[in-house]
Amino acid sequence: SSPVLTDLVYERPFKNGIVNNTIGIYIFNSSIYLNNGYNDIYNDPAQGYYMQLISTGTPTTIYAANNYWGTTNIGTIMNHLDRPRYYSIEPILNSPQSSYQSPYSVEYEMLKSAYIYLNNEEYQDAESTFKYLIENYPETSEAYLSVSGLYDCYKQSNGNLNNYENYIIDLYRSSTTIISRKLLYSYLNLCKREKGEYSEAIENYESILLNNPSYIDSCYAVIDIRNTYREAGKYKSSSSLLSDLIPQSDAANVRNIIDILSSLKDEELQPQLTKKTLKLSLGQNHPDPFKQSTIIDFSIPYKADVVIKVNNVLEKEVANIAMGILDKGTHKVEFSPINLKSGIYFYSLHINGETVEIKKMRKVD
């Protein structure tokens, strides 16, 4: 017999959701007719085939125009069909037709697929998926994990990290990059360590320690610099101020790392690795509530790129005040919105692309 997933008489769409059920459709010694069925037929890469055709001599054929396959790329679709002898699947629909809804977000499903590609050594598909997440969902945790996944992808595929490093450098330098530059910088240094460029990596870590980092950042910089020294063997610090960070032994290095990580659990512990701690503060606007304008004070302990953003209670941005590069010290900005309705708003301080603090203010008529 030939399974039918369409209305042969009235040609009404069935809109079946045959999604993530491992095989999809299992066919033995028969053809399949899905023309104009408007079905969803797709699986995650690890789930198996869209259709598995088993034939002991009888030709198997797919007639499946006007269905959705999770993609419009005919090559990708055919890679997930256990090859029929004849197929006709065009035109291909470009959106889901059934009521099937994944319980997870789109970016979660894409990240899962990317790691499945990586596990299956399908590096080109893994690379393109990781990059898509980084560039199109930069504010999500999936994008952050994709930076790590992309690193593993390049390292496992051919061990050549030059292309990865160039990609991360472009992201880091881009003025439109939303993803954390701190994260990108850490992976740039990891590339240098992997390539044996220990001197550059150590100097970069030292620059973090010598430029007023937060306590957490200084902790991780010390851990990174000590581990890089151990990887490089004996290496002279470029800064005499930090020469004591060169580990005397593996055992001493492990003890130091354990002490540092333990200290991060103590919220009352004061910074010990830098002479000056990072103190960023965002003051309460005044007057508050306000009618026409209000003043927002803030202070920064070092030269930085500063932006003040204002959002409404629905998290929609209503103002973006780019202050530019400011010297360390106390600063203020006057917020004088036009045609802004009365209500509660939230203003936030952003330093070098990182959100530092958020506070509430109220506008009245």
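Novice: Quick one: what's the story with the overall build of the chain, residue by residue and with numbers?
Specialist: Scanning the chain from terminus to terminus reveals nine helices and 15 strands. Taken across its 365 residues, the chain has 40% of its residues classed as buried. Sequence-distant contacts in the chain: of pairs separated by 6 or more residues, those separated by 24 or more amount to 59%. Total accessible area computed for the chain in this model is approximately 20,600 Å², and 47% of it derives from carbon and sulfur atoms.

Novice: Help me get a handle on the side chain of Lys-131, residues and values and all.
Specialist: Among the secondary structure elements, Lys-131 is positioned in helix 3 (residues 123-136). Side chain to side chain, Lys-131 and Tyr-154 meet in a polar contact 3.3 Å long. When sequence neighbours within four positions are dropped, the list of residues in contact with Lys-131 reads Leu-150, Tyr-154 and Tyr-167.

Novice: Go over the packing of helix 4 (residues 141-157) against helix 6 (residues 181-194), please, and point to the residues and values.
Specialist: Closest axis-to-axis distance for the helix 4/helix 6 pair is 10 Å, and the angle between their directions is 15 degrees. Judged by the angle between their axes, helix 4 and helix 6 are roughly parallel. In the crossing of helix 4 with helix 6, the sense of the turn from one axis to the other is right-handed. Across the interface between the two elements, Tyr-144, Val-147, Ser-148, Tyr-151 and Lys-155 from helix 4 touch Leu-183, Leu-184, Tyr-187, Leu-190, Cys-191 and Glu-194 from helix 6. Residues that form the contact of helix 4 with helix 6 fall into these classes: eight nonpolar, one polar and two charged.

Novice: Any details on the sheet that holds strand 13 (residues 329-335)? Residues and values, ideally.
Specialist: Taken together, three strands build an open sheet; the order of strands is 9-10-13 and the sheet is antiparallel. Looking at which strands have only one partner, the edges of the open sheet turn out to be strand 9 (281-282) and strand 13. Note: strand 9 against strand 10 (residues 294-300), two bridges, orientation antiparallel. Across the sheet, Leu-282 pairs through a bridge with Phe-298, a residue of strand 10.

Novice: Outline the confidence of the model for the chain, supporting the account with residue identities and numerical values.
Specialist: In this model, the chain carries an average pLDDT of 76, and 74% of its residues clear a pLDDT of 70 or more. Averaged over each element, pLDDT in the chain is lowest for strand 5 (residues 51-54) (58) and highest for strand 10 (92). Across residues 266-278, where pLDDT falls below 50, the model places 20 contacts with residues more than four positions away in sequence or in other chains.

Novice: Now, about the layout of surface pockets: what can you tell me, with residues and values included?
Specialist: Estimated volume of the largest pocket: approximately 1,700 Å³. Lys-182, Ile-351, Asn-352, Gly-353 and Glu-354 are the residues nearest the centre of the largest pocket, which is lined by 47 residues in total. Going through the elements one at a time, helix 6, helix 7 (198-209), helix 8 (215-232), strand 11 (304-312), strand 12 (317-326), strand 14 (343-351) and strand 15 (354-363) are the ones with two or more residues in the lining of the largest pocket. Counting residues per element, the lining of the largest pocket draws most heavily on strand 11, which supplies five residues. When its residues are assigned to classes, the lining of the largest pocket shows 20 nonpolar, 17 polar and ten charged.

Novice: Just give me the short version of the pairing of strand 15, but keep the residues and values in it.
Specialist: In terms of strand pairing, strand 14 meets strand 15 through nine bridges, oriented antiparallel. Bridged to Phe-346 within strand 15 is Lys-360. Here strand 14 folds back onto strand 15, and the loop between the two strands holds two residues, one of which, Asn-352, carries a positive phi near 50 degrees.

Novice: Go over the nonpolar core, please, and point to the residues and values.
Specialist: Soluble globular proteins: nonpolar side chains tend toward being buried together. Formed by 26 residues in total, the largest nonpolar core has its most connected members in Phe-130, Ile-134, Val-147, Leu-150, Tyr-164, Ile-168 and Ile-179. In terms of residue count, the dominant contributor to this core is helix 4 (six residues). Apart from residues no more than four positions distant in its own chain, Leu-150 is found in contact with Glu-127, Phe-130, Lys-131, Ile-134, Tyr-164 and Tyr-167.

Novice: Describe the sheet that holds strand 11, and please don't skip the residues or the numbers.
Specialist: Spatially, 12-11-14-15 is the arrangement adopted by the four strands of the open sheet, whose pairing is antiparallel. Lying at the two open borders of the sheet, with one neighbouring strand each, are strand 12 and strand 15. Strand-to-strand twist in this sheet, taken as the mean axis angle between neighbours without regard to direction, amounts to 15 degrees.

Novice: Explain the pairing of strand 14 to me, and be specific about the residues and the numbers.
Specialist: Relative to strand 14, strand 11 runs antiparallel, the two being bridged by seven bridges. Directly across from Val-310, in strand 14, lies its bridge partner Tyr-347.

Novice: Give a description of the packing of helix 2 (residues 106-119) against helix 4 that names residues and reports values.
Specialist: Where helix 2 contacts helix 4, the two axes come as close as 11 Å, and the packing angle between them is 15 degrees. As far as their axial angle goes, helix 4 and helix 2 are roughly parallel. Where helix 2 crosses over helix 4, the handedness of that crossing is left-handed. Side by side, helix 2 and helix 4 meet where Glu-107, Tyr-108, Leu-111, Tyr-115 and Leu-118 of the first sit next to Glu-142, Leu-145, Ser-146, Ser-148, Gly-149, Asp-152, Cys-153 and Gln-156 of the second. Looking at the contact of helix 2 with helix 4 residue by residue, the class counts come to six nonpolar, four polar and three charged.

Novice: Quick rundown of a nonpolar patch on the surface? Include the residues and the values.
Specialist: Residues Val-313, Leu-314, Ile-344, Phe-346 and Ile-358 make up a contiguous nonpolar surface patch of roughly 490 Å² in combined accessible area. Mapped onto the elements of the fold, Ile-344 is located in strand 14. Take Ile-344: its relative accessible area is 33%, and that puts it in the partly exposed class.

Cut-off values and rules
Residues numbered from 1 in each chain as written. Predicted model: local features only at pLDDT ≥ 70, side-chain atom pairs only at ≥ 80, totals over all residues. Heavy atoms only, no water. Helix = DSSP H or I, 4+ residues; strand = E, 2+ residues; numbered from the N terminus. Buried < 20%, exposed > 50% of the residue type's maximum accessible area, 1.4 Å probe, protein only. Contact = heavy atoms within 4.5 Å. Areas by Shrake-Rupley, 256 points an atom, 1.4 Å probe, with all protein chains shown as cover. Polar contact = N/O pair within 3.5 Å; in protein donor to acceptor, adjacent residues only side chain to side chain. Axes fitted to C-alpha atoms, helices over the stretch in contact; angles between N-to-C directions. Parallel < 35°, antiparallel > 145°, perpendicular 65-115°, else oblique. Left-handed = near helix turned anticlockwise from the far one by under 90°. Nonpolar A, V, L, I, M, F, W, Y, C, P; charged D, E, K, R; others polar. Pairing = 2+ DSSP bridges. pLDDT = per-residue confidence, 0-100. 1 Å grid on protein atoms, 1.4 Å probe; cavity = no way out; pocket = protein on both sides within 12 Å on 5 of 7 lines; lining within 4 Å. Points joined across faces, edges and corners; volume = space filled by probe spheres on them. Core = buried A, V, L, I, M, F, W, Y, C linked by side-chain atoms within 4.5 Å. Patch = residues over 30% accessible without salt bridge, like charges linked within 9 Å, V, L, I, M, F, W, Y side chains within 5 Å. Salt bridge = Lys/Arg side-chain N within 4 Å of Asp/Glu carboxyl O.

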